[in-house]
Amino acid sequence: MTDTGSAAARPETSDFFTLWANTLSQVLGEIGGTPVACATLSDLPRGSDSDAANDFWVSGAFSGALRGEIALRLPPASTALLARLFVGEPASPEEQPGPDSREAVIELLRQVGGLVVTPLRRDFGDVQLHMDSSSAAPSWPASSAAWLQVGEASAGATIQLQLSAAVTAALRGSKPETPSVPATPSPEKAVLNDAVKLDLLMDVELGVTLRFGSRRMLLKDILELSPGSVIELDRQVRDPVDMLLDGHVIARGEIVVLDGNYGLQVTQVGPAE
């Protein structure tokens, strides 16, 4: 199998990935009563059954002083194994994950995420992390990613942790710089340096999303959905559509059709007033 959605871990995020690995190891060790090794890897481990069509995805959103999104990707066998470890039961190599397994994994990752934010608060201040299951891979491109190897490579579990551009940028900014006393640049040189720094970011690809509306639904109503079901959103037909970057509204506009494709005619730049 090949990993088609991976971005190499950058130096400024390596500590964050290590924090997740150590915290996951701590939680699983406390549950089972025996140490559970967990390491970070830059590439998909050999022998992993990762398949984008069958992998289980868990999404996370930071709020408060740190904002941005993360996503965790688990191959089917890893989902089943981690669920069994979480409930303290032996895992079967042939077991396929079901709804109960996914719920157990979500709860496990919520506990890990709750502990991960504790050291982050020392750097950023008040930080919250909300995590939930996702029906598919995130719509935003991964700015940085790493694999977490739980247990032995031949019989353990793997989790890919992906970071959005906002989280990567925040982690980079939180790193303390070595104090120095540079010469004071002239105003003209300072403007030139700022322009050069901005040019370095002009070719960075960012994923944007159009939001037509939303609605909160009861779980029983979601389970009753079938082909042909109609879901009423909280927005009128003539209301403008939101354009989101990394979960934040950056513009609004009207939907148009261009050569058979949907498009957005921007009417307002910036968040809604």
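Everything that follows concerns the structure shown earlier in this document.
These remarks concern the structure in this document. On a predicted model such as this, the values are computed, not experimentally measured, just so you know.

**What about the sheet that holds strand β1 (residues 38-41)?**
- With respect to topology, six strands assemble into an open sheet ordered β1-β5-β6-β3-β2-β4, the strand pairing being antiparallel. In the strand order of this sheet, the two ends are held by β1 and β4 (127-134), each with one partner. Averaged over neighbouring strand pairs, the angle between their axes works out to 25° when direction is ignored.
- Across four bridges, the pairing between β1 and strand β5 (residues 144-150) is antiparallel. Of the residues in β5, the one forming a bridge with L41 is W147.
- Sheet strands touched by helix α2 (residues 76-87): β2 (56-64), β3 (68-74), β5 and β6 (157-163). Its angle to β6, the strand with the most contacts, is close to 105°.
- The strands that helix α3 (residues 99-124) touches are β2, β3, β4 and β6; relative to β4, the one it contacts most, it runs at about 160°.

**Some remarks on the nonpolar core**
- F16, W20, F62, I70, L72, L74 and L82 are the most contacted members of the largest nonpolar core, which has 41 residues in total.
- Here the element with the most residues in this core is α3; it accounts for nine residues.
- Leaving out residues up to four positions away in the same chain, L72 has contacts with W20, F56, W57, V58, L109, M131, I159, Q160 and L161.

Thresholds applied
- Residues numbered from 1 in each chain as written.
- Predicted model: local features only at pLDDT ≥ 70, side-chain atom pairs only at ≥ 80, totals over all residues.
- Heavy atoms only, no water.
- Pairing = 2+ DSSP bridges.
- Helix = DSSP H or I, 4+ residues; strand = E, 2+ residues; numbered from the N terminus.
- Axes fitted to C-alpha atoms, helices over the stretch in contact; angles between N-to-C directions.
- Contact = heavy atoms within 4.5 Å.
- Core = buried A, V, L, I, M, F, W, Y, C linked by side-chain atoms within 4.5 Å.
- Buried < 20%, exposed > 50% of the residue type's maximum accessible area, 1.4 Å probe, protein only.

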